[in-house]
Amino acid sequence: MSDVEQCVFCRIVAEDIPALRVFETDEVLAFLDVNPLADGHTLIVPKAHVVRLEEMSGEMLSRLTSVIPDIARAVIAATSATGYNVLQNNGRDAGQEVQHVHFHIIPRRPADGLGYRWQAGKYTGARATEVQNLIRNALG
Ligand code: AMP
Ligand code: ZN
């Protein structure tokens, strides 16, 4: 079976398996996450199969992300959330379980227990400028 044939989000796009759809265009589909972190947890996906964000053109990504404000407003209105996180994981080491680009809209409330702070580090010595130069050089 090809990647697309076995991809759960491609199968949802193709209506091969069910999902609770909330919004769609020719290129974009939004539906409820089946295992929500909170009521209204919504996923926004491109209809085309793309595994990671950096594989998308800027134009394709901007058409995908352009729907986020409307969907976020609707999710907030529907759930009375006071905030939301936009989460987008790339690669298994970053927690990407479904290998098809998706943005999570995760509604938040006071003391909802979900948390969000990661353990931050500090640069020492010249490491920050080394990394800055590595990234600038990689950008060309
Ligand atoms: P990630 O860890 O960023 O890859 O997130 C994948 C998300 O997809 C998880 O939050 C899952 O609960 C969700 N998910 C997996 N299968 C389905 C499905 N059939 N319908 C809706 N959401 C799904
Ligand atoms: Zn797919």
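This is a predicted model, so every value here is computed, not measured.

A. Summary view of the overall build of the chain. Along the chain, the regular secondary structure elements total five helices and five strands. Each of the 140 residues in the chain was classed as buried or not, and the buried ones make up 30%. Counted over contacts in the chain with a minimum sequence separation of 6, partners at least 24 positions apart contribute 49%. Approximately 9400 Å² of the chain is accessible, and the part contributed by carbon and sulfur atoms is 53%. Charged side chains in the chain number 13 positive and 17 negative. The centres of these two groups are separated by 9 Å.

B. Local environment of the site of ligand 1. What surrounds ligand 1 is a group of 16 residues, the closest being Asp33, Gly95, Glu97, His102 and His104. Aspartate 33 has a polar side-chain atom sitting 2.5 Å from an oxygen atom of ligand 1. Within the side chain of asparagine 89, an N or O atom sits 2.9 Å from an oxygen atom of ligand 1. Surface burial for ligand 1 is 84%, taken as the share of its 510 Å² of free accessible area covered by protein chains.

C. Here's a closer look at the packing of aromatic side chains. For the coordinates displayed, the defined rule picks out one aromatic pair. Aromatic pair phenylalanine 9 and phenylalanine 31: ring centres 5.3 Å apart, planes at 75°, arrangement edge-to-face. Placement of phenylalanine 9 in helix α2 (residues 8-13) and of phenylalanine 31 in strand β2 (residues 28-32) is noted, with a sequence separation of 22 residues between them. A relative accessible area of 6% means that phenylalanine 9 is categorised as buried. Classification of phenylalanine 31 as buried rests on a relative accessible area of 2%.

D. Structural view of the sheet that holds strand β1 (residues 21-24). Here we have five strands laid out as an open sheet, ordered β1-β2-β3-β5-β4, and antiparallel in their pairing. Either end of the sheet is taken by a strand with one partner, and the two such strands are β1 and β4 (83-87). The mean inter-strand angle of the sheet, taken between neighbouring strand axes irrespective of direction, is 20°. Here five bridges tie β2 to strand β3 (residues 42-46), and the two strands are oriented antiparallel to one another. Opposite leucine 32, over in β3, you have threonine 42 as the bridge partner. Along the sheet, helix α4 (residues 68-79) contacts β1, β2, β3, β4 and β5 (103-108); its crossing angle with β5, the most-contacted strand, is approximately 30°.

E. The arrangement of the pairing of β2 in detail. Counting buried residues in β2 gives four out of five residues, a clear majority hidden from the surface. In the sheet, β1 pairs with β2 via three bridges, with the strands oriented antiparallel. Residue glutamate 24 lies in a different strand from β2, and its bridge partner there is leucine 29.

Reading the values: rules and limits
- Residues numbered from 1 in each chain as written.
- Chains lettered and ligands numbered in written order.
- Predicted model: local features only at pLDDT ≥ 70, side-chain atom pairs only at ≥ 80, totals over all residues.
- Heavy atoms only, no water.
- Helix = DSSP H or I, 4+ residues; strand = E, 2+ residues; numbered from the N terminus.
- Buried < 20%, exposed > 50% of the residue type's maximum accessible area, 1.4 Å probe, protein only.
- Contact = heavy atoms within 4.5 Å.
- Areas by Shrake-Rupley, 256 points an atom, 1.4 Å probe, with all protein chains shown as cover.
- Lys, Arg positive; Asp, Glu negative; His and termini not counted.
- Charge placed at Lys NZ, Arg CZ, Asp CG, Glu CD.
- Near = heavy atom within 4 Å.
- Polar contact = N/O pair within 3.5 Å; in protein donor to acceptor, adjacent residues only side chain to side chain.
- Phe/Tyr/Trp six-rings, centres within 6.5 Å; stacked < 30°, edge-to-face > 60°.
- Pairing = 2+ DSSP bridges.
- Axes fitted to C-alpha atoms, helices over the stretch in contact; angles between N-to-C directions.

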